[in-house]
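Examining the three-dimensional arrangement
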Amino acid sequence: MSAPLTIIGSGMAGLGLARQVRTRQPERPITLITADGGEDYSKPLLSTGFAKRLPPDRLASRSALEAADQLGVTMRTHTRVEAIDPAARTLTLGAERLPWGELVLATGAAPAPPFAIPEALAGRVHTVNDLDDYRAFHAALAALDRPARVAVVGIGLVGCEFANDLAAGGHAVELIAPESAPLPRLLPEPLGRALGEAFVEAGIALHTGRMVDLLSPEGERVALGLDDGTTLEADLVLVATGLRPRTALAEAAGLAVGPAGILVDRHLATSAPGIHALGDVACVDGVNAMYVQPLQAGAKALAATLSGTPTEVRYGPWPVLVKTPLLPVVALPPAASPARWRIEGEGHDLSALAEDEDGRLIGFALTGACVRRKVELARAAPPLLG
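Residues numbered from 1 in each chain as written. Predicted model: local features only at pLDDT ≥ 70, side-chain atom pairs only at ≥ 80, totals over all residues. Heavy atoms only, no water.

- Per an unreviewed UniProt entry, the chain goes by the name Pyridine nucleotide-disulfide oxidoreductase and belongs to Halomonas salina.
- In UniProt, the chain has this text filed under Cofactor (unreviewed entry): "FAD".
- Heading Subcellular location (unreviewed entry) of the UniProt record for the chain holds this comment: "Cytoplasm". (UniProt positions renumbered as here; feature names shortened; annotations may be inferred.)

1. Observations regarding the overall build of the chain
- Looking only at helices and strands, the chain has nine helices and 28 strands in total.
- Taken over the C-alpha trace, the chain has a radius of gyration of 22 Å; the compact-globule value for 386 residues is 21 Å, and the two agree within 12%.
- In the chain, which comprises 386 residues, the proportion classed as buried is 51%.
- For the chain, long-range pairs separated by at least 24 residues make up 62% of all intrachain contacts whose partners lie at least 6 apart in sequence.
- Roughly 17000 Å² of accessible area belongs to the chain as shown, and the carbon and sulfur atoms make up 52% of that amount.
- Where the 34 positive side-chain charges of the chain centre and where its 43 negative ones centre are 6 Å apart. (Helix = DSSP H or I, 4+ residues; strand = E, 2+ residues; numbered from the N terminus. Rg over C-alpha atoms; globule rule 2.2 N^0.38 Å. Buried < 20%, exposed > 50% of the residue type's maximum accessible area, 1.4 Å probe, protein only. Contact = heavy atoms within 4.5 Å. Areas by Shrake-Rupley, 256 points an atom, 1.4 Å probe, with all protein chains shown as cover. Lys, Arg positive; Asp, Glu negative; His and termini not counted. Charge placed at Lys NZ, Arg CZ, Asp CG, Glu CD.)

2. Here we look at the pattern of salt bridges
- Within the structure shown, the criterion is met by 24 salt bridges.
- Residue Asp285 is joined to Arg266 by a salt bridge in which the shortest nitrogen-to-oxygen separation is 3.0 Å. One end of the pair, Asp285, is in the loop between strand E23 (282-284) and helix H8 (292-306); the other, Arg266, is in the loop between strand E21 (261-264) and strand E22 (275-277), and 19 residues separate them in sequence.
- Salt bridges here are not isolated pairs; linked through shared partners, they connect Arg340, Arg342, Glu344, Glu355, Arg373 and Glu376. (Salt bridge = Lys/Arg side-chain N within 4 Å of Asp/Glu carboxyl O.)

3. Some details on the sheet that holds strand E7 (residues 90-93)
- On the basis of which strands lie adjacent, the open sheet formed by three strands has the order E6-E7-E8 and antiparallel pairing. The sheet is open, and its two borders are formed by strand E6 (83-85) and strand E8 (96-99), each paired with just one other strand. Averaged over all adjacent pairs, the angle separating strand axes in this sheet is 25°, with direction ignored.
- With four bridges joining them, E7 and E8 adopt antiparallel strand pairing. Opposite Leu93, over in E8, you have Glu96 as the bridge partner. (Pairing = 2+ DSSP bridges. Axes fitted to C-alpha atoms, helices over the stretch in contact; angles between N-to-C directions.)

4. Brief notes about helix H4 (residues 131-144)
- Under the 1.5 Å per step criterion, the end-to-end length of H4 is 20 Å for 14 residues, consistent within 8% with the ideal 20 Å.
- Those residues of H4 that sit buried are Leu131, Tyr134, Phe137, Ala140 and Leu141.
- Two to three positions downstream of the cap, the backbone nitrogen of Asp132 sits 3.1 Å from a side-chain oxygen, assigning the N-cap of H4 to Asp130. (Expected span 1.5 Å × (residues − 1). Polar contact = N/O pair within 3.5 Å; in protein donor to acceptor, adjacent residues only side chain to side chain.)

5. Focus: the sheet that holds E21
- The mixed open sheet is built from three strands, whose spatial order is E20-E21-E23. In the strand order of this sheet, the two ends are held by strand E20 (257-258) and E23, each with one partner.

6. Looking at H8
- In a regular helix each residue adds 1.5 Å, so 15 residues correspond to 21 Å; H8 covers 21 Å between its end C-alpha atoms and thus fits that length.
- For H8, a buried count of 11 out of 15 residues is recorded, marking the element as mostly surrounded by other parts of the structure.
- Listing the buried residues of H8 in full gives Pro294, Leu295, Ala297, Gly298, Ala299, Ala301, Leu302, Ala303, Ala304, Thr305 and Leu306.
- The inward-facing, buried residues of H8 contact strand E1 (5-8), helix H1 (12-24), strand E9 (102-105) and E22.
- One or two steps after H8, the chain reaches Gly308, where phi turns positive at roughly 105°.

7. Some thoughts on the pairing of strand E13 (residues 172-177)
- Burial runs high along E13: five of the six residues are buried.
- By the bridge criterion, five bridges tie strand E12 (residues 149-153) to E13 in an arrangement that is parallel. When the bridges of E13 are listed, Val152 appears paired with Leu175.
- Following the backbone out of E12, through helix H5 (residues 157-168) and into the adjacent parallel E13, one traces a crossover that is right-handed.
- Regarding topology, helix H6 (residues 189-201) serves as the crossover connection from E13 to the parallel strand E14 (residues 205-208), and that connection is right-handed. (Right-handed = clockwise from strand over helix to strand, strands pointing away.)

8. So, the UniProt feature "domain: FAD/NAD(P)-binding" (unreviewed entry) in the chain
- The sites that carry the UniProt feature "domain: FAD/NAD(P)-binding" (unreviewed entry) are, in the present numbering, residues 6-286.
- Spanning residues 6-286, this segment combines 25% helix with 31% strand, and its end C-alpha atoms are found 25 Å apart.

9. Points about empty space enclosed by the protein
- In this structure the tally under the stated criterion is one cavity of 30 Å³ or more.
- Lining the largest cavity are 15 residues, and of these Gly279, Ala289, Pro294, Leu295 and Tyr315 sit closest to its centre.
- Looking at the lining of the largest cavity, the elements with two or more residues in it are E23 and H8.
- The greatest single-element share of the lining of the largest cavity, amounting to three residues, is contributed by H8.
- Of the residues assigned to the lining of the largest cavity, the class counts are 11 nonpolar, three polar and one charged. (1 Å grid on protein atoms, 1.4 Å probe; cavity = no way out; pocket = protein on both sides within 12 Å on 5 of 7 lines; lining within 4 Å. Points joined across faces, edges and corners; volume = space filled by probe spheres on them. Nonpolar A, V, L, I, M, F, W, Y, C, P; charged D, E, K, R; others polar.)

10. A few points about the packing of aromatic side chains
- Overall, the coordinates contain three aromatic pairs when judged by the stated rule.
- Ring geometry for Phe50 versus Phe137: centroids 5.5 Å apart, planes at 85°, classification edge-to-face. Of the two residues, Phe50 sits in the loop between strand E3 (40-41) and helix H2 (56-59) while Phe137 sits in helix H4, which places them 87 residues apart along the sequence. A single burial state applies to Phe50 and to Phe137, both of which are buried.
- Both rings, one in Tyr315 and one in Trp318, keep their centres 6.2 Å apart while their planes meet at 45°; by these two values the pair is tilted.
- According to the relative accessible area criterion, Tyr315 is buried, its value standing at 6%.
- Three or more aromatic residues link up through ring pairs in this structure, and these residues are Phe50, Tyr134 and Phe137. (Phe/Tyr/Trp six-rings, centres within 6.5 Å; stacked < 30°, edge-to-face > 60°.)

Written out as C-alpha cells, the structure reads:
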C-alpha cells in the first residue's frame, strides 16, 4: 500500500493534485492542510467577478467540506504548518506533531507590495491572491454602496485584468506603475501601448512611469503620493505588483530554494527525500511558469509519479490568454531575450513575433483581431519546458 500523502496547500495545485492522485489510487490516505478556507475555486475567476457582479460564494464550485467529501480526503482548513522535519517526517502544527509518508508543498506565491501599508489603511488597501482576499475586497467595495474610485498599483497581468474588470463593473479606475506601458513582461512596448490606449478610451486613468511614494488617510479616502509630486485620491487601493513564491517553510527545513521558488527536478522532487513541490512555489528545472496549464501539467505528472509511475513534467508552447476584453491579448513570452521583435499590423490589431539570431520563432504577442493567430503560432513555437 502506498504511503499516506500529505499536501500543504488547497489552491488549484493542491486540490488538482489530490484529484489526480485519487483517480489513480482510490484508497490512498490523503490529507490536505491549508491556511485558508479550502474552497474549490478557479483562481483566474478572481479577476472576472466584478464585471459579472458575482459575490465571492459564487466563485467557489464546492465548499471545503464538499471538496473533501467528493475526493475522500481529510481537509484541515485555517491551519498553518509551522515547520517541516524531513528526517523525522513530521510537520509541526502548534503543539501537534503530524507524521507524513510523502509530502507535497503546494504553498503557492504571496503578493509582494513594494511599499509598507500603513496599519490605519488596512481595510482600504488590498491585495487579491485567493478567495479570502477577494471576499475582503468585495466587502469593502460593497460597503461603499456606490461606484468606487479604485487605484490599482501595478500594470502586470493581475493589475490589468482587475483594472478591466473593475471598470466593466462600473467603478472608476486609476492605474499606476513605474513601467512605460502595460504588461511589460508579456508584451513588447508597442503592443503594451495599444492596450494602454484601449484602457484610456474606456475611461481608465493611466499613470505610467510613476511610483507610489506615500499612502496616507485622507478623510474616508486614501491619498497616494506619486514620485512626480502629484497626489491621487481613491476610495480603495488594490496592490497588484507581482507575487513571490512562498519558500520560507521549505528553506527553514533545509530544502534547496532560489528566488524563483523551491528547486525541483522534472519529477518535481525537492532536494529532500519524500518531498515534492508543485505549482507557483516550484521552480522546475530552472522554470517557474505561474499559469494554469503548467500547473495542471505538473499535477498530472506528479500524480503519476506518486502513484508508482515516475513521470517527467513537460510544458508545451502554451500562450497566456489575458482577460482584458477592452483589448484581447494573447502572449507566449520567449524563454530568452529575443534578437528582435518583428511587429506587424495597425491600430490595436498587432502581431509581434520574437525571433532568435537565426530568425526562428521563439515567442509571440498578439492584440485585438490578431489573437486569432494564437493556434497557428503556438504550433510553430518551441515548448516552454520540452
